[in-house]
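The chain contents come next:
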Amino acid sequence: MDLKGRNFLTLKDFSADEIIGLLDLAEDLKAKKKRGIPVDIHKGKNIALIFEKTSTRTRCSFEVAAHDLGICTTYLAEGSQIGKKESIADTARVLGRMFDGIEYRGYEQSIVEDLAKYSGVVVWNGLTNEYHPTQMLADMLTIREHYGKLKELKLVYYGDARYNIGNSLCIVCSKLGLNLTLCAPEKYFPSKALVEECGKWCKESGGSITMETDVKKATKDADILYTDVWVSMGEPESVWEERINDLKPYQVNKEVAAMAKPTAIFMHDLPSFHDLNTKIGREIGEKYGLTAMEVTDDVFESPMSVVFDEAENRMHTIKAVIAATLGNNF
């Protein structure tokens, strides 16, 4: 697998074999880290980490992964000129003269695309409104570690499937042969254009994409239950109220979990409002009469939950992406 110089913007750009190759590399790098084997193959290189949206897992994963590979990182957030006094094209051309790679986490996909277009160096998508490809690699590695395979497993996603997680699950499941069911009200289904595009990959892999509004029908024979927060920070209060009211019936709770296979696992890309034990969470709970949002605490903290394995695997899979796209010299 030779991915040197390739941008990592969306999994649309990668074949099933290339995605599996990245998972295999991540598995190897994870094993080496556990055994204390150095992997600092990119000593002397530098990467810029642009964060227009806050982050815990993505930032820490990129920094630890880079440092393990011998790479120095520069974190750019509120203190930079990005998107303020300087265009993305100009920023890209400046950073491309100084760094070997650029990570971007923020808003429109067009921004990360422009960074790739103008910088002349490798660019990685840490999250945009439309796609979250690094999360997908972590998810697939976690599933494969648990089940020993990916093909033919049934993954059910509950909630708003119109944005980065729903879109990216459509892509990765269709490429790798999983059977994806998106469970939500119809207005939260992904675009027809994306589903049609993924259909050609389903034909090649044997996977499928199904939309379902009925929770019981969707959950039957599920191997993986997956959900995400219903609302994002910064969205207007009117959106919160509408989203919460629409998605309440799609909460992953003990009753829903009991509808799946006894061996099913629960996944979440985090952060999660599973107990509302934060300032924002308590405010939401008081206003809407909730003790949890997208998942209840008894599922999140149960033996079926693999959310922290998933969180750890963000780092191992991101390390694989950096290593491979800068030139895997193992």
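The coordinates are above.
Participant: Run through the pairing of strand β3 (residues 101–105), naming residues and quoting values.
Facilitator: By the criterion of burial, β3 is predominantly enclosed, with 5 of the 5 residues buried. Every second residue of β3 is oriented toward a common face, with Gly101, Glu103 and Arg105 on one face and Ile102 and Tyr104 on the other, all of them buried. Bridge count between strand β1 (residues 46–51) and β3: 5 bridges; the pairing is parallel. Bridge pairing links leucine 49 to glutamate 103 in β3. As for the winding sense of the linkage, the β-α-β connection from β3 through helix α4 (residues 109–119) to strand β4 (residues 122–127) is right-handed.

Participant: Before we move on, can you summarise the sheet that holds strand β8 (residues 224–227) with the specific residues and values?
Facilitator: Strand order in the open sheet formed by 5 strands is β7-β6-β5-β8-β9, and the pairing between neighbours is parallel. Edge positions in the sheet fall to β7 (208–212) and β9 (265–268), since each of these pairs with one other strand and no more. Averaged over neighbouring strand pairs, the angle between their axes works out to 20° when direction is ignored.

Participant: Describe a negative patch on the surface, naming the residues involved and giving the relevant values.
Facilitator: Side chains of Glu255, Asp275, Asp297, Asp298 and Glu301 sit close together on the surface and give a patch of like negative charge. Under the relative-accessibility criterion, glutamate 255 is labelled exposed at 53%.

Participant: With reference to specific residues and values, describe the packing of helix α5 (residues 133–147) against helix α6 (residues 164–176).
Facilitator: Close contact between α5 and α6 brings their axes to 9 Å; oriented N to C, the two are set at 50°. On the basis of the axis angle, α5 is oblique to α6. Crossing geometry of α5 relative to α6 is assigned as right-handed. Taking contact as the criterion, the partners of Pro133, Gln135, Met136 and Met140 in α5 are, on α6, Ile165, Ser168, Leu169, Val172 and Leu176. The residue makeup of the contact of α5 with α6, split by class, is 7 nonpolar, 2 polar and no charged.

Procedures and definitions
- Residues numbered from 1 in each chain as written.
- Predicted model: local features only at pLDDT ≥ 70, side-chain atom pairs only at ≥ 80, totals over all residues.
- Heavy atoms only, no water.
- Buried < 20%, exposed > 50% of the residue type's maximum accessible area, 1.4 Å probe, protein only.
- Helix = DSSP H or I, 4+ residues; strand = E, 2+ residues; numbered from the N terminus.
- Pairing = 2+ DSSP bridges.
- Right-handed = clockwise from strand over helix to strand, strands pointing away.
- Axes fitted to C-alpha atoms, helices over the stretch in contact; angles between N-to-C directions.
- Patch = residues over 30% accessible without salt bridge, like charges linked within 9 Å, V, L, I, M, F, W, Y side chains within 5 Å.
- Areas by Shrake-Rupley, 256 points an atom, 1.4 Å probe, with all protein chains shown as cover.
- Salt bridge = Lys/Arg side-chain N within 4 Å of Asp/Glu carboxyl O.
- Lys, Arg positive; Asp, Glu negative; His and termini not counted.
- Charge placed at Lys NZ, Arg CZ, Asp CG, Glu CD.
- Parallel < 35°, antiparallel > 145°, perpendicular 65-115°, else oblique.
- Left-handed = near helix turned anticlockwise from the far one by under 90°.
- Contact = heavy atoms within 4.5 Å.
- Nonpolar A, V, L, I, M, F, W, Y, C, P; charged D, E, K, R; others polar.

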